[in-house]
Amino acid sequence: ADPAGGRVSSARSWVWLGRRLAYAGRFTDALDAFTTGRADLAKYPPVGADASTLRLWDLRLLRHAGHRAITLRRLDEAARTLDEAGATANELDLGGSRPDEYEADGAPNSANVPTSTLASNVFYHQALARHLRGEWSAARRAHDDAMRVARANPDQLVATAAWAWVSAVLDGDAPSAATRRYL
């Protein structure tokens, strides 16, 4: 069922509906909104949208769905969803040949400056889902992708490097080796 009680007209609307539901603590409804949004996007693609644009909107919905699956501790679902998101971000070369995009913050900082991007959030949450499942090698691979796109933002870089270091040590690296690699 549509948590909004009616048809939402665009992928952007689905993203913000889900985000607002999550801010209200309605995490299951938020996840449902992202999932419904993906189905809606597939069934009713925007007129004139090319395949790359559709994949980018699908990626946004996947990223948020994966994040909310983590919140709900649905770690298998989160890992699957965020692995798909990571593959899509890499396929689109987001942060490489295709510029990454800052995500608007639902609760902006005092300077009202966004501090994270779509690609960095995809890979950060993909790594987190794998980390929470105890899959250190898979977490490290996602952290490597996150490090590649996080370098443009010091806040995201610090958070990513810290978690990457933890995953590397848990995966068997000596702390000094992990430090040289990530810090």
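What counts, and where the lines are drawn
Residues numbered from 1 in each chain as written. Predicted model: local features only at pLDDT ≥ 70, side-chain atom pairs only at ≥ 80, totals over all residues. Heavy atoms only, no water. Helix = DSSP H or I, 4+ residues; strand = E, 2+ residues; numbered from the N terminus. Rg over C-alpha atoms; globule rule 2.2 N^0.38 Å. Buried < 20%, exposed > 50% of the residue type's maximum accessible area, 1.4 Å probe, protein only. Contact = heavy atoms within 4.5 Å. Areas by Shrake-Rupley, 256 points an atom, 1.4 Å probe, with all protein chains shown as cover. Lys, Arg positive; Asp, Glu negative; His and termini not counted. Charge placed at Lys NZ, Arg CZ, Asp CG, Glu CD. pLDDT = per-residue confidence, 0-100. Expected span 1.5 Å × (residues − 1).

Peer 1: Got a sec to walk through the overall build of the chain? Specific residues and values, please.
Peer 2: Check the secondary structure of the chain and you find eight helices and zero strands. Overall, the chain shows an N-to-C arrangement of helices and strands of α-α-α-α-α-α-α-α. Taken over the C-alpha trace, the chain has a radius of gyration of 17 Å; the compact-globule value for 183 residues is 16 Å, and the two agree within 12%. With respect to the three principal axes, the spread of C-alpha positions in the chain is 55 × 35 × 35 Å. The buried share among the 183 residues of the chain stands at 41%. Considering only residue pairs separated by 6 or more positions, the chain has 58% of its internal contacts joining residues 24 or more positions apart. Accessible surface computed for the chain: about 9000 Å², of which carbon and sulfur atoms make up 53%. Computed over 23 positive and 22 negative side-chain charges, the inter-centroid distance for the chain is 2 Å.

Peer 1: Could you give an account of the confidence of the model for the chain, with specific residues and numbers?
Peer 2: The predicted model of the chain averages 89 in pLDDT, with 95% of residues at 70 or higher. Per-element confidence in the chain ranges from a low mean pLDDT of 81 for helix H8 (residues 175-182) to a high of 96 for helix H4 (residues 75-91). Below a pLDDT of 50 lies the segment residues 4-8, which in the model reaches nine contacts outside its immediate sequence neighbourhood of four places, other chains included.

Peer 1: Pulling in residues and values, what's your account of helix H3 (residues 51-71)?
Peer 2: The end-to-end C-alpha separation of H3 is 30 Å, in line with the 30 Å expected for 21 residues at 1.5 Å each. A positive backbone phi angle near 60° is found at Arg73, which sits one or two residues after H3.

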